[in-house]
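Spelled out from the first residue to the last, the chains are:
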Amino acid sequence: MSTGRLPLEDYQRYGRQMILDGFGLEGQLKLQKASVAVVGAGGLGCPALQYLAAAGVGKLGIIDHDVVELSNLQRQILHTQERIGIPKAVSAAEAIKQINSRVEVVPITSALLPTNALDLLEPYDIILDCTDNAPTRYLLSDTAVQLGKPLVSGAAQKYDGQLCIYNYGENGPCYRCLFPKPTAPELAGSCAEVGILGVVTGIIGNLQALETIKIITGLHEGKASLLIFSALSTPPFRSIKLRSKRPTCPACGVEGQKVGRISETDYVAFCGGDRPDWVSKGMVVEGRTEYRITAKEMRHVLQSSPTTRLIDVRPPVEYGICHLPNSINVPLNELVADPTSFVKIDEELETYFVCRLGNDSQLAVDALRSAGGKGIIKDVVGGLRAWSKDVDPDFPVY
Ligand SMILES: Nc1ncnc2c1ncn2[C@@H]1O[C@H](COP(=O)(O)OP(=O)(O)OP(=O)(O)O)[C@@H](O)[C@H]1O
């Protein structure tokens, strides 16, 4: 039996869970003492944070560099219309305070990077990966291994989701044990590119909160498994038992650490092509800036340089929805298959690529350069979305 005591009103607030077998006052005191870092306050992070706060986790760190947008509200349920434009970490912290004012909330509005990950995550007992990109997944996994903390990882796209706890229990595997090599960039589209049903992120984010509460209260049996959810399948859940950590894993294997120092590792380069759109949000991704141009700079170029060609690499159906005047449409798949037959190499011409979000356009730059293109070949950071935000608010965003 526990000798601890809760503030009087907490017996009322948490009574419904405290009377559960195996939970009790002990479980509630453990939650109160626990600290959890949630990286990403988006589709997964919002529901996870909501339930962790409601359940009475003592301290919640929220790390997200992004701001709330209208397109987030379909699934990022802690944010509101009134808070569009403010940092997600701050918006989520405000929402949590309204649910449970006694939770200590630490909003961090910078991105998690190799240079700050160890420092930012060290103060917490458990880490939640609620992000949406491969470089951050590997960064989080390596950091969790180095800090010796469990990593409760969620992922969701389209109608599907996954849940796994890494670096936990007796010899539990890390993310690198399961995925030693990153998914080919062309297969790893973002939610903005491939779509997401909001409630799917709700299901996976809630499961992340559930597993976290089980770990904190001692209700988790400590066996590693990968839960796969597919909303359109019957039954929708499948669970795969996982092996122990791989002895040869470069991060957590018994043969010793072979991955480099986290702060010096270029996770973006490791994961390849489809870079997260961090540049437009103030994060410089090394080695790319000379081939990139902002939307505002693009407007200036279009107004002042007659030797400019602007190539829109979206699929024709998207080009048909909206496009910039004088842009020509060469879909990325056609361009990559045979770059110079679609875009003749001409050093006298300045060539600019644009797409919806500024990811495919980088691949287009790479394709043309690899095919021998020289001179000014650049792409628009943040794509047409940045154009709408920074240059022409009347340009449609979809
Ligand atoms: N390295 C990182 N550090 C901090 N937050 C991150 C990092 N990588 C991703 N995130 C955050 O993780 C969240 C992922 O959530 P989600 O995919 O639902 O949102 P989104 O990126 O706003 O969506 P969309 O792709 O529709 O714009 C985002 O808020 C994003 O800013």
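For the structure, check the block above.
Residues numbered from 1 in each chain as written. Predicted model: local features only at pLDDT ≥ 70, side-chain atom pairs only at ≥ 80, totals over all residues. Heavy atoms only, no water.

Caption draft 1: Broad picture of the sheet that holds strand β4 (residues 126-129). Spatial strand order, β3-β2-β1-β4-β5-β6-β7-β8: eight strands in an open sheet with mixed pairing. Whereas interior strands pair on both sides, the edge strands pair on one side only; in this sheet they are β3 (104-108) and β8 (237-241). Strand after strand, the sheet turns through a mean of 15 degrees between neighbouring axes, direction not considered. (Pairing = 2+ DSSP bridges. Helix = DSSP H or I, 4+ residues; strand = E, 2+ residues; numbered from the N terminus. Axes fitted to C-alpha atoms, helices over the stretch in contact; angles between N-to-C directions.)

Caption draft 2: Seen up close, helix α3 (residues 45-55). Summarising burial for α3: eight of the eleven residues are buried, a large majority. Along α3, the residues classified as buried are G45, C46, P47, A48, L49, L52, A53 and A55. Count one or two residues on from α3 and you reach G56, which has phi positive near 100 degrees. (Buried < 20%, exposed > 50% of the residue type's maximum accessible area, 1.4 Å probe, protein only.)

Caption draft 3: Representation of the pattern of salt bridges within the structure. Within the structure shown, the criterion is met by twelve salt bridges. A salt bridge links K88 to D66; the shortest N-O distance between them is 3.6 Å. One end of the pair, K88, is in helix α4 (residues 88-99); the other, D66, is in the loop between β2 (59-63) and α4, with 22 residues separating them in the sequence. For K88, a relative accessible area of 5% puts it in the buried group. Where E221 meets K223, a salt bridge forms, and the shortest distance between an N and an O atom there is 3.9 Å. We classify E221 as exposed; its relative accessible area is 62%. Here the salt bridges share partners, and the residues they tie into one network are E9, D10 and R102. (Salt bridge = Lys/Arg side-chain N within 4 Å of Asp/Glu carboxyl O.)

Caption draft 4: Main features of the sheet that holds strand β13 (residues 377-380). Here five strands make up an open sheet; going across it, the order is β9-β13-β12-β10-β11 and the pairing parallel. Single-partner strands in this sheet number two, and they are β9 (292-293) and β11 (328-329). Helix α15 (residues 360-370) contacts β9, β12 (350-354) and β13 of the sheet and is inclined by roughly 175 degrees relative to β13. (Contact = heavy atoms within 4.5 Å.)

Caption draft 5: Quick look at the site of the ligand. Around the ligand sit 20 residues in total, of which G43, D64, R75, K88 and L112 are the nearest. D64 has a polar side-chain atom sitting 2.6 Å from an oxygen atom of the ligand. Separating an oxygen atom of the ligand from a side-chain N or O atom of D132 is a distance of 3.0 Å. Protein contact buries 92% of the 620 Å² of open area that the ligand shows by itself. (Near = heavy atom within 4 Å. Polar contact = N/O pair within 3.5 Å; in protein donor to acceptor, adjacent residues only side chain to side chain. Areas by Shrake-Rupley, 256 points an atom, 1.4 Å probe, with all protein chains shown as cover.)

Caption draft 6: A look at the packing of aromatic side chains. One pass over the full model with this rule turns up five aromatic pairs. Seen in terms of ring centroids, Y138 and F270 are 5.0 Å apart; in terms of plane orientation they differ by 85 degrees. Their pairing is edge-to-face. Taken together, the residues span a long stretch of sequence, with Y138 in helix α6 (residues 134-147) and F270 in helix α10 (residues 267-271) at a distance of 132 residues. Using a relative accessible area of 1% as the deciding quantity, one classes Y138 as buried. Their ring planes at 45 degrees and their centres at 4.9 Å tell us that F229 and F237 sit as a pair that is tilted. Owing to a relative accessible area of 6%, F229 belongs among the buried residues under this scheme. One aromatic cluster in this structure is built from Y138, Y166, Y175, F179 and F270. Over the ring of Y124 we find K59; its NZ or CZ atom is 5.1 Å from the centre of that ring. Residue placement shows R176 over the ring face of F270; its charged tip is 5.0 Å from the ring centre. (Phe/Tyr/Trp six-rings, centres within 6.5 Å; stacked < 30°, edge-to-face > 60°. Lys NZ or Arg CZ within 6 Å of the ring centre and 35° of its normal.)

Caption draft 7: Local environment of the pairing of strand β6 (residues 160-166). Burial analysis of β6 places five of its seven residues in the buried class, which makes it a mostly covered element. One ladder, built from seven bridges, connects strand β5 (residues 151-157) with β6; its direction is antiparallel. When the sheet's bridge partners are listed, V152 is paired in β6 with I165. Once β5 ends, the chain turns through two residues before running back antiparallel as β6, passing K158 with a positive phi of about 55 degrees. Across five bridges, the pairing between β6 and strand β7 (residues 225-230) is antiparallel. The residue of β7 that forms the bridge with Q162 is I228.

Caption draft 8: A look at unusual backbone geometry. Note that the residue after T234, namely P235, is joined by a cis bond; omega there is -5 degrees. Structurally, P235 is set in the loop between β7 and β8. Residues other than glycine seldom take positive phi values, yet K158 does so here, at roughly 55 degrees. As for its position among the elements, K158 is in the loop between β5 and β6. Overall, K158 belongs to the partly exposed group, its relative accessible area being 42%. Positioned with a positive phi, N167 is a non-glycine residue whose angle comes to about 60 degrees. Residue classification places N167 among the buried residues on the basis of a relative accessible area of 17%.

Caption draft 9: Looking closely at the side chain of Q28. Mapped onto the fold, Q28 is located in helix α2 (residues 24-33). Within the structure, Q28 has its side chain in polar contact with the side chain of Q17 (distance 2.8 Å). Those residues in contact with Q28, other than ones at most four positions away along the chain, are L6, Y14, Q17, M18, F23, A55 and G56.

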